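Coordinates in review
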Amino acid sequence: FIFTDNDILQGPSFTQEPQDIMYSLNMEHSEVILNCAANGYPIPNYRWKQNGTDIDFTMSYHYRLIGGSLAISNPYKAQAIGTYQCLATNPLGTILSQKAKLQFAYIENFETKTRSTVSVLAGQGVVLLCGPPPFFGDVYYAWTFNDHPLPVQEDSRRFISQETGNLYIAKVEPSDVGNYTCFVTNMQAQKRIQGPPTPLVLRNDGVMGEYEPKIEVRFPETVQAAKGSTVKLECFALGNPVPNISWRRLDGSPLARKIEYSKSKGTIGIPNFQQEDEGSYECIAGNLRGRNIARGQLFLYAPPEWDKKIQTTDLSIYDPLFWECRASGKPIPSYVWLKNGEPIVPEERIQIENGSLVITMLNVSDSGFYQCVAENKYQTIYANAELRVRASAPDFSKNPMQKISVVQVGGDVVIECKPKASPRAMISWAKGSEMIRQSKRFFILEDGSLKIYNVTKLDAGTYTCIAMNQFGIAKTSGNLVIKERTIITVPPPQMDVTVGESIVLPCQVFHDPSIEVVFTWYLNGNVIDFQRGVPHFERIGGESVGDLMIREIQLNHSGKYVCMVETTLDNLSAVADIIVRGPPGPPSNVRIENISSTTSQLCWRPGIDNNSPIQIYTIQTRTPFSVGWLAVSTIPEILNGKMHTATVVGLNPWVEYEFRVVAGNSIGIGEPSQPSKLLRTKAAVPVVAPTTIGGGGGSQSELVITWESIPEELQNGEGFGYIIMFRPVGSLTWTKASVSSVEASKYVYRNESLIPLSPFEVKVGVYNNEGEGTLSPATIVYSGEDGEVSGNITTKMRAYNTAGTGPSSDLVNVTTKKSPPSQAPSNIAWKLKNSKLCLNWEHVKTMENESDVLGYKILYRQNRQSKTHILETNNTSAEILVPFGEDYIIEIRTVSDGGDGSSSEKIRIPKISSKFHCDILFLPSTMISWFCSFQLASFM
């Protein structure tokens, strides 16, 4: 059947589809009607299938059609039961309806034989069996007691199972003695039946004692529930005392509020069952004697639902077709494809894979109605679409070429040519009477339109599009008009200004005299409305001039200015960035995201850049041991303005740190951020060994070992102490001792067997709760001498042997020295510029009983390292070359005939890069002031 453009033709589409029917054999009327109706032109005719087989209406008087609906008169269960489908057909195709089940509701009568008496002890539980006859359809069970007209009511002691119909009495009492009758109602069959009575009597040989619950009614271990349905679970127990029934979910989540409980609590109902209701449920029956548990798991199933349907499609002959449909459901649906109600058989050009259908090259015979069928074991659904394969000659009647196309010199133009044709038409073009050949400037697009690049005045004229396929040929024409191109001759420039200045942003154009020009100015994407009298802004100029004057420019006037020039043919614009410069504001929200023993992950938010981009960030830190804020090393080493996170390295373990961030731009350095929260680094094994290992002297039988104690910021954790290891020179065995005092700087080893002035190899190390750390290099220390000399004593030396003592030595006079100066150098000032450290201090004045100062020693070492360098000078100033990027510890001592004097307080020279210049002044006592000015090297 070849389609034309006649819009009256319409394929079938269902307006009514058959639904499942439960038919009662007791119904007065003896006819079943399965509804089916469809629209379409020509009007569809109908067929029906039962259990997949066409119904032959000529072979059975039970079946007849009423319009499209199927009527079954005097339905016979064995013949009529099954699955039905309606097919609607007209010349355009066939569609198949959803499936509908016809089932028969019925219930037979109870057997009339007398039921046996049930005899139980008082206090015992009992189950009275209903034993319903065969039935189909939903039923409801009830019981009556003796001749009472009202049914037995459920409570905590009595329960009627709607699954089995049985009556359960948890604990029988004397008042329960009597006759019990089971009633079964089948509403769909419209019938209620009554069973024979069951007598219940008490035995007279005793009373049942207390016993733990015994669950007689259990819900299945696995329950499949439809999405949106109401799920009911039953659980009841016999026991003495009467058991209490409770419910819970095994995953610990609370039971949903929507759950409904029966009076006996033996049944729970879960309405509108959803995915979150899935899981394991538990029924607990308990009394004073114990408890019993029933468990089961609920699973959700869902019939298929469409996520993606196929849509009616118009294609040309020889085109490819790709259709895809997707449905969700549980279990996952499978797919079948139908054409005109029949399964599609894959072949070379027709491929089917799950929910996709591919036809590589369409024929006219492929036209028709297609259905994607998604099915799981709970339901089957259908998605319908019509495929129209067209075959026609080219036609421009509904889409002729535009009569006049206008373009500017130098521009590009597309002249559309979109004929309706099946199959697709071959397109050619002519200007006037000459055919156009494709070139660098003339190009026929994929849809047949003609694109002309870089238009000139000579391109004006009449253009004709010629469309042709095997069914015919058609033409359409239009004129191309060329105008002068609009050009911005004086655009606004980029400007860098200061607040308060007045500036003019020019915007001047050349344009075709026949075209009107409109100027519009934008600031940061917002139109500047001169009609509303916006302060500071004024439009100046004439027809071809659209200059903008800004009087007394403000900081908030910084941004992107756009001069938009609009004509009927084109839009063009010129952009200028105006910067009113200012230093950056302080960064905000400085946070420590992670901290280890020596590093800290830091992040922040940038402050306002005031129209001068932030180019660098510097991180500073402060500890209880530092003098003010100090710059720290980071990874990466240089933090550019786009970075808002960095790792601070080189921190000391077990030290409290706070951080702040400073931003800089081409103007200078901004204010620092607020400090971060104070956090302590994690503890670690100490790594800095004591320095200045020495000792000697002391009493006889003593080995005195001294060292320079480790400052608190280098102890790396709690439980800090010192490890002392020593051995006589030449020995292989070390003696090990520990000193737990963090401030200790001396250890005395006493042993009566020590030989005076014996040399010992000595090492001093450190430890804390994390473990033992580094040991110092070995140093030779001598044990104490044999005695002590005090007062004025004259001593002569003699030699002796077995023959006796020899003559005395000559008398030698020795004068002892005064003690070294007790006062340490003070008022130390230092200045660090580039890699040169300049030191100055006050001269030390000695007391009468002290040796005169001959000079000074400067001891300096890199922080966290034990090797110390010494510089001696006779002056009260010195210069030291120190590398960049390292912290240094410096102290100054006096030198005299009596030995070295006291050391000054240790001075920490902070790690400072080449971008900084610092002056620090150390004043007496603990009063310290410091001044540090720095300049970014890139801005000097």
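Presented here is a report on the structure given in the accompanying data block. None of these values were measured; they are calculated from a predicted model. (Residues numbered from 1 in each chain as written. Predicted model: local features only at pLDDT ≥ 70, side-chain atom pairs only at ≥ 80, totals over all residues. Heavy atoms only, no water.)

**A look at a nonpolar patch on the surface**
On the surface, Val729, Leu757, Ile780 and Tyr782 cluster together to form a nonpolar patch covering roughly 370 Å² of accessible area. By the secondary structure assignment, Tyr782 is in strand 75 (residues 779-782). Among the residues examined, Tyr782 registers a relative accessible area of 42% and is labelled partly exposed. (Patch = residues over 30% accessible without salt bridge, like charges linked within 9 Å, V, L, I, M, F, W, Y side chains within 5 Å. Areas by Shrake-Rupley, 256 points an atom, 1.4 Å probe, with all protein chains shown as cover. Salt bridge = Lys/Arg side-chain N within 4 Å of Asp/Glu carboxyl O. Helix = DSSP H or I, 4+ residues; strand = E, 2+ residues; numbered from the N terminus. Buried < 20%, exposed > 50% of the residue type's maximum accessible area, 1.4 Å probe, protein only.)

**Some details on the sheet that holds strand 27 (residues 267-270)**
Taken together, three strands build an open sheet; the order of strands is 23-27-26 and the sheet is antiparallel. Each having just a single partner strand, strand 23 (231-234) and strand 26 (260-261) make up the two edges of the open sheet. Here strand 23 runs beside strand 27; their pairing, made up of four bridges, is antiparallel. Bridged to Lys232 within strand 27 is Gly269. (Pairing = 2+ DSSP bridges.)

**Some details on the nonpolar core**
Ranked by internal contacts, the top residues of the largest apolar core, which has 24 residues, are Trp306, Ile310, Trp323, Trp337 and Leu387. It is strand 38 (residues 379-390) that contributes the most residues to this core, five residues altogether. Those residues in contact with Trp323, other than ones at most four positions away along the chain, are Ile310, Gln311, Thr313, Trp337, Gly355, Ser356, Leu357, Tyr370, Ala385, Glu386 and Leu387. (Core = buried A, V, L, I, M, F, W, Y, C linked by side-chain atoms within 4.5 Å. Contact = heavy atoms within 4.5 Å.)

**Points about the pattern of salt bridges**
Under the counting rule described, the total for this entry stands at 40 salt bridges. Between Arg64 and Glu31 there is a salt bridge, with its nearest N and O atoms 2.8 Å apart. Highlighted residues: Arg64 in strand 7 (residues 63-66) and Glu31 in strand 3 (residues 31-34), separated in sequence by 33 residues. Exposure remark for Arg64: the relative accessible area of 39% places this residue in the partly exposed category. With a shortest N-O distance of 2.8 Å, Glu658 and Arg622 are connected by a salt bridge. Separated by 36 residues along the polypeptide, Glu658 in strand 66 (residues 656-664) and Arg622 in strand 61 (residues 616-622) bring together distant segments of the chain. A network of salt bridges, in which partner residues are shared, links Asp314, Glu386, Arg388 and Arg390.

**Some remarks on unusual backbone geometry**
Between Asn240 and the following residue, Pro241, the backbone shows a cis peptide bond with an omega angle of 5 degrees. When you line up the elements, Pro241 lands in the loop between strand 24 (236-240) and strand 25 (244-249). Note the cis peptide between Ile635 and Pro636, where omega equals 0 degrees. Relative to the helices and strands, Pro636 resides in the loop between strand 63 (633-635) and strand 64 (639-640). Even without a glycine there, the phi angle at Asn74 is positive, about 45 degrees. Considering the arrangement of structural elements, one finds Asn74 in the loop between strand 8 (69-73) and helix 1 (77-80). Accessibility expressed as a relative area gives 45% for Asn74, which makes it partly exposed. Positive phi outside glycine occurs at Leu757, with the angle close to 55 degrees. Tracing the chain through its elements places Leu757 in the loop between strand 72 (746-750) and strand 73 (759-768).

None of this, on its own, says anything about what the molecule does.
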